Amino acid sequence: AQTVTQSQPEMSVQEAETVTLSCTYDTSESNYYLFWYKQPPSRQMILVIRQEAYKQQNATENRFSVNFQKAAKSFSLKISDSQLGDTAMYFCAFMKLLAGGTSYGKLTFGQGTILTVHP
Amino acid sequence: NAGVTQTPKFQVLKTGQSMTLQCAQDMNHNSMYWYRQDPGMGLRLIYYSASEGTTDKGEVPNGYNVSRLNKREFSLRLESAAPSQTSVYFCASPPGGTASGNTIYFGEGSWLTVV
């Protein structure tokens, strides 16, 4: 069974500094996607960044980047120039792609990391 | 999140009552998921449907049943509600094909309280 582990229940960072959130996963699959989602107190789920397992290049979206280590099954999120609006819970997620490319198996989330950005 | 619609948004139930949470997506997606999120916790998978006509258990299926009525709709039923089922419930659906892996669409959540 696939599992996703976020080992940092809470993190804090000063505004404008850099912080890294860790995520490890366990799977025997080769075709999958990884995501980081942000959840503010409103409970809305907001996509931060995604990574296709077949791509070796690490994904980047503005201030957000990942360090994807497929062999080590690690998918960490780096937030540069942290802003007060980055304060939220962050979830790492794993999604298995089924043969045919149009449907998916289990979509598993980590336990979440509460990030607080201090002024 | 206009593509995934959940109803109701808020519900208070008495212990032992039954209810159905409805989820619909108008994006022609094959796969749909139901999660529960307790305060300060992550999303735990209750049931999922990889494609129309199939359903599978997730991590926490006890006390729940699901129906994939058609490609659009995936409902979650609580047959005899218990206080331990007080939670926020989310429905989710990712696109396939050329948009595969682009994102996951979520409903806005259903706040359920069992007293």
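Described in the following lines is the structure provided in the data block.

Take the overall build of chain B next. A count of helical and extended segments in chain B gives zero helices and eleven strands. Ordered by position from the N terminus, the helices and strands of chain B form the series β-β-β-β-β-β-β-β-β-β-β. Taken over C-alpha atoms, the radius of gyration comes to 14 Å for chain B, in line with the 13 Å a tight globule of 115 residues would show. Based on the C-alpha atoms only, the size of chain B along its principal axes is roughly 45 × 30 × 25 Å. Across the 115 residues that make up chain B, the buried fraction comes to 50%. Restricting to contacts in chain B with at least 6 residues of sequence separation, those with at least 24 account for 53%. Accessible surface, chain B as shown: approximately 5,000 Å² in total, 48% of it carbon and sulfur.

This part covers the packing of aromatic side chains. For the structure on display, the rule yields 15 aromatic pairs over all chains. Judged by centre distance (5.5 Å) and plane angle (65°), the rings of Tyr25(A) and Tyr32(A) are edge-to-face. Take Tyr25(A) and Tyr32(A): they sit in the same class, and that class is buried. Measuring from ring centre to ring centre gives 5.3 Å for Tyr37(A) and Phe106(B), while their planes differ by 75°; the resulting arrangement is edge-to-face. One end of the pair, Tyr37(A), is in strand β5 (residues 32–39); the other, Phe106(B), is in strand β10 (residues 105–106), on a second chain. You can call Phe106(B) buried: its relative accessible area is 1%. These aromatic residues form a ring-pair network of at least three members: Phe35(A), Tyr37(A), Phe91(A), Phe109(A), Tyr33(B), Tyr35(B), Tyr48(B) and Phe106(B).

Across the contact, 25 residues belong to chain A and 28 residues belong to chain B. When the buried area of chain A at its contact with chain B is split by residue, Arg43(A), Tyr104(A) and Leu107(A) rank highest and sum to 30% of it. Applying the counting criterion to the chain A and chain B interface returns eleven residue pairs in polar contact (both at pLDDT 80 or more). Contributing elements (two or more residues each) for the side of chain A that touches chain B: β5, β6 (46–52), β10 (88–97) and β11 (104–109) of chain A.

With that out of the way, let us pick up the pairing of strand β11 (residues 110–114) of chain B. All names here are of chain B. Across the two faces of β11 the burial differs, with Ser110, Leu112 and Val114 buried and Trp111 and Thr113 not buried at all. Where strand β2 (residues 10–13) lies against β11, four bridges are found, and the strand directions are parallel. From the neighbouring strand, Phe10 faces β11, where its bridge partner is Trp111.

Here we come to the pattern of salt bridges. By the definition in use, this model includes nine salt bridges over all chains. Between Glu108(B) and Lys9(B) there is a salt bridge, and its shortest N-O distance comes to 3.7 Å. Of this pair, Glu108(B) sits in the loop between β10 and β11 while Lys9(B) sits in the loop between β1 (4–7) and β2, and the two are 99 residues apart along the sequence. Overall, the relative accessible area of 52% leaves Glu108(B) in the exposed class. Across the pair Asp38(B) and Arg44(B) runs a salt bridge, and its minimum N-O distance is 2.6 Å. Taking relative accessible area as the criterion, Asp38(B) reaches 13% and is therefore assigned buried. Classification of Arg44(B) by relative accessible area gives partly exposed; the value is 28%. Taken together, the shared-partner salt bridges in this structure form one network comprising Arg50(A), Glu52(A) and Lys55(A).

Cut-offs used in this document
- Residues numbered from 1 in each chain as written.
- Chains lettered and ligands numbered in written order.
- Predicted model: local features only at pLDDT ≥ 70, side-chain atom pairs only at ≥ 80, totals over all residues.
- Heavy atoms only, no water.
- Helix = DSSP H or I, 4+ residues; strand = E, 2+ residues; numbered from the N terminus.
- Rg over C-alpha atoms; globule rule 2.2 N^0.38 Å.
- Buried < 20%, exposed > 50% of the residue type's maximum accessible area, 1.4 Å probe, protein only.
- Contact = heavy atoms within 4.5 Å.
- Areas by Shrake-Rupley, 256 points an atom, 1.4 Å probe, with all protein chains shown as cover.
- Phe/Tyr/Trp six-rings, centres within 6.5 Å; stacked < 30°, edge-to-face > 60°.
- Buried area = accessible area lost by both parts, 1.4 Å probe.
- Polar contact = N/O pair within 3.5 Å; in protein donor to acceptor, adjacent residues only side chain to side chain.
- Pairing = 2+ DSSP bridges.
- Salt bridge = Lys/Arg side-chain N within 4 Å of Asp/Glu carboxyl O.

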